[in-house]
Amino acid sequence: YEVLMLEAGTTAQDLRLENPAQNACTFAMSLVLEDGEVLWEGEPIEPGEAFTRIELARALEAGSYPAMLHYDCFSLEGGDPLNGADIKLTLEVN
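All values reported here derive from a predicted model rather than from experimental measurement.

Draft legend 1. Highlighting the overall build of the chain. Across its full length, the chain holds zero helices and seven strands. Every one of the 94 residues in the chain was classed for burial, and the buried ones make up 35%. Contacts in the chain between residues far apart in sequence, at least 24 positions, make up 61% of those at least 6 positions apart. Of the roughly 5500 Å² that the chain leaves accessible, carbon and sulfur atoms contribute 48%. Separation of charge centres in the chain, based on 4 positive and 18 negative side chains, amounts to 6 Å.

Listed below in structure tokens is the structure:
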């Protein structure tokens, strides 16, 4: 992801954040503004599952926001922590 499109003035957002079916781990994702403010945290999802509607902690005004999509990965058996990743992106809010 380089850009996520969001709707201004509402916390409910329709978008697709998925854990690819070929992965051998669960994904827990969070959407974080550049200043560290957590806009959304999702429960871990299995391979092949996706978030299609999320609820932000607060509504955003129209504009561009530097942010990061953070991933924590866990083993399918036992839920042991694995690696994680931070993907820098821009939130385009219209």
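Draft legend 2. Geometry of the pattern of salt bridges. Counted under the stated rule, the structure contains three salt bridges. For Asp14, the salt bridge identified is with Arg53, shortest N-O distance 2.7 Å. Within this pair, whereas Asp14 is found in strand S2 (residues 12-18), its partner Arg53 is found in strand S5 (residues 50-55), the two being separated by 39 residues in sequence. Between Glu37 and Arg58 there is a salt bridge, and its shortest N-O distance comes to 2.6 Å. Of this pair, Glu37 sits in the loop between strand S3 (25-33) and strand S4 (38-41) while Arg58 sits in the loop between S5 and strand S6 (63-75); the two residues are 21 residues apart in sequence, bridging distant segments of the chain. According to the relative accessible area criterion, Arg58 is partly exposed, its value standing at 36%.

Draft legend 3. Structural detail: the nonpolar core. Membership of the largest hydrophobic core comes to 24 residues, with the highest contact counts inside it found for Leu17, Met29, Leu31, Trp40, Leu56, Leu60 and Leu91. Residue assignment for this core shows that the elements contributing at least two residues are strand S1 (3-6), S2, S3, S4, S5, S6 and strand S7 (81-93). Contacts of Leu56, omitting those with residues within four sequence positions, involve Leu6, Thr10, Thr11, Gln13, Leu31, Leu39 and Trp40.

Draft legend 4. Representation of the state of the cysteines within the structure. Going through the model one piece at a time under the given rule, you end up with zero disulfides. There is no disulfide at Cys25, and the cysteine sulfur nearest it, in Cys73, is 4.2 Å away. By relative accessible area, Cys25 is classed as buried at 10%.

Draft legend 5. Here's a closer look at the side chain of Thr26. Relative to the helices and strands, Thr26 resides in strand S3. Each residue touching Thr26, except ones within four places of it in the same chain, is listed here: Asn19, Pro44, Ile45, Glu46, Asp72, Cys73, Phe74 and Leu76.

Draft legend 6. Highlighting the sheet that holds S3. Ordered by their spatial adjacency, five strands build an open sheet running S1-S7-S6-S3-S4, and the pairing between neighbours is mixed. Every other strand in the sheet has two partners, leaving S1 and S4 as the edge strands with one partner each. Ignoring which end each strand starts from, the neighbouring axes of this sheet average 30° apart. As defined by bridge partners, S3 adjoins S4 across three bridges and the pair is classed as antiparallel. Within S4, the position partnered with Val32 by the bridge is Val38.

What counts and how
Position numbers for residues start from 1 in each chain and track the written sequence from start to end. Thresholds applied to this predicted model are a pLDDT of at least 70 for local features of residues and 80 or more for the giving and counting of side-chain atom pairs; totals over whole chains, interfaces and linings are not thresholded and use all residues. Note: side-chain values were computed over all heavy atoms of the structure, leaving out hydrogens and water. Put simply, DSSP marks the helices as runs of H or I at least four residues long and the strands as runs of E at least two long, and each gets a number from the N terminus on. Burial classes follow relative accessibility: with a 1.4 Å probe on protein chains only, a residue under 20% of its type's maximum area counts as buried, one over 50% as exposed, and anything between as partly exposed. Contact criterion: two residues are considered in contact whenever any of their non-hydrogen atoms come within 4.5 Å of each other. Throughout, the Shrake-Rupley method with a 1.4 Å probe supplies accessible areas, and for residues the shown protein chains are the sole cover considered. Positive charges are assigned to Lys and Arg, negative charges to Asp and Glu, while His and the chain termini are left out of the count. Charged groups are reduced to one reference atom each: NZ for lysine, CZ for arginine, CG for aspartic acid, CD for glutamic acid. Here, a salt bridge means any Lys or Arg side-chain nitrogen found within 4 Å of an Asp or Glu carboxyl oxygen. By nonpolar core we mean a set of buried residues, namely Ala, Val, Leu, Ile, Met, Phe, Trp, Tyr and Cys, connected to one another through side-chain atoms within 4.5 Å. Cysteine sulfur atoms are paired as a disulfide whenever they come within 2.5 Å of each other. A pair of strands is considered paired only if DSSP assigns at least 2 bridges between the two. Working convention: axes come from line fits to C-alpha atoms, limited for helices to the stretch in contact. Angles between N-to-C directions cover 0 to 180 degrees.

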